[in-house]
Amino acid sequence: MSKSITYKHYLRALSRWPKDNLRPECQFQDVMQRRIDQRFLPASSPNTPDAAQAVANSAIDEKVECGQVNAIYSLLENRYSRKYPITGSLMKPVSNPTHYTDLVKELEEAPERSWFSQQMNKWKGFLRFQ
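Analysis parameters
Residues numbered from 1 in each chain as written. Predicted model: local features only at pLDDT ≥ 70, side-chain atom pairs only at ≥ 80, totals over all residues. Heavy atoms only, no water. Helix = DSSP H or I, 4+ residues; strand = E, 2+ residues; numbered from the N terminus. Buried < 20%, exposed > 50% of the residue type's maximum accessible area, 1.4 Å probe, protein only. Contact = heavy atoms within 4.5 Å. Salt bridge = Lys/Arg side-chain N within 4 Å of Asp/Glu carboxyl O. Patch = residues over 30% accessible without salt bridge, like charges linked within 9 Å, V, L, I, M, F, W, Y side chains within 5 Å. Areas by Shrake-Rupley, 256 points an atom, 1.4 Å probe, with all protein chains shown as cover. Axes fitted to C-alpha atoms, helices over the stretch in contact; angles between N-to-C directions. Parallel < 35°, antiparallel > 145°, perpendicular 65-115°, else oblique. Left-handed = near helix turned anticlockwise from the far one by under 90°. Nonpolar A, V, L, I, M, F, W, Y, C, P; charged D, E, K, R; others polar. Core = buried A, V, L, I, M, F, W, Y, C linked by side-chain atoms within 4.5 Å. Polar contact = N/O pair within 3.5 Å; in protein donor to acceptor, adjacent residues only side chain to side chain.

**Regarding the overall build of the protein**
Then comes step 1: Secondary structure summary: the protein contains 7 helices and 0 strands in total.
Then comes step 2: Starting at the N terminus and ending at the C terminus, the protein contains elements arranged as α-α-α-α-α-α-α.
Then comes step 3: A total of 130 residues make up the protein; the buried ones form 16% of that total.
Then comes step 4: Taking the intrachain contacts of the protein between residues at least 6 apart in sequence as the baseline, contacts between residues at least 24 apart amount to 53%.

What follows is the structure in structure tokens.
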């Protein structure tokens, strides 16, 4: 059985999706891969639950699935951030102008932190002296 073009597009898009360093045990690609395999590949095991077998045996609407693949590609290519760029003071709120730069810095540092460093940051959050 040849695989559909939509299935191949799904696989190509998911192979380009960036890895999540914050949660390496739960990746978007893995979840979507299981969903796509259930949808496109025939259920060959007799132990497959009835609901999964019904989904696998139902007809696939290629037009709808192509729209889903297009949505994934649009997120990969940052179409919306290029079409609607954030300008002005939106990224620098008056109450805390460095909020978003601090947030990005925190997200970049988080995966490399040791357990002790994580606990220290947790306690720093609990105890705020001003």
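**What to know about the pattern of salt bridges**
Then comes step 1: Within the structure shown, the criterion is met by 5 salt bridges.
Then comes step 2: A salt bridge links Arg 79 to Glu 77, with the shortest nitrogen-to-oxygen separation between them at 3.1 Å.
Then comes step 3: For Arg 79, a relative accessible area of 31% corresponds to the partly exposed category.
Then comes step 4: Several salt bridges converge on common partners, so that one network encompasses Glu 106, Glu 109 and Arg 113.

**Brief notes about a nonpolar patch on the surface**
Then comes step 1: On the surface, Leu 22, Ile 86, Leu 90, Met 91, Tyr 100, Leu 103 and Leu 107 cluster together into a nonpolar patch covering about 640 Å² of accessible area.
Then comes step 2: Structurally, the position occupied by Leu 107 is in helix α6 (residues 99-109).

**Section: the packing of helix α1 (residues 5-16) against helix α4 (residues 62-76)**
Then comes step 1: At a closest axis distance of 10 Å, the pairing of α1 and α4 adopts a crossing angle of 15°. Viewed along their axes, α1 and α4 adopt a mutual orientation that is roughly parallel. At the point where α1 passes α4, the crossing takes the left-handed sense. Here Thr 6, His 9, Tyr 10, Arg 12, Ala 13 and Arg 16 of α1 come into contact with α4, specifically with Glu 62, Glu 65, Cys 66, Gln 68, Val 69, Ile 72, Tyr 73 and Leu 76.
Then comes step 2: Its residues assigned to classes, the contact of α1 with α4 comprises 7 nonpolar, 3 polar and 4 charged.

**Observations concerning the nonpolar core**
Then comes step 1: Within the largest apolar cluster, 12 residues are counted, these being Tyr 7, Tyr 10, Ala 13, Leu 14, Trp 17, Met 32, Ile 36, Phe 40, Val 69, Ile 72, Tyr 73 and Leu 76.
Then comes step 2: Listing elements by their share of this core, those giving two or more residues are α1, α2 (28-40) and α4.
Then comes step 3: Apart from the residues within four sequence positions on either side, Leu 76 is in contact with Ala 13, Arg 16, Trp 17 and Pro 18.

**Quick notes on the side chain of Gln 27**
Then comes step 1: Assignment of secondary structure puts Gln 27 in the loop between α1 and α2.
Then comes step 2: From its side chain, Gln 27 meets the backbone oxygen of Pro 24 in a polar contact 3.5 Å long.

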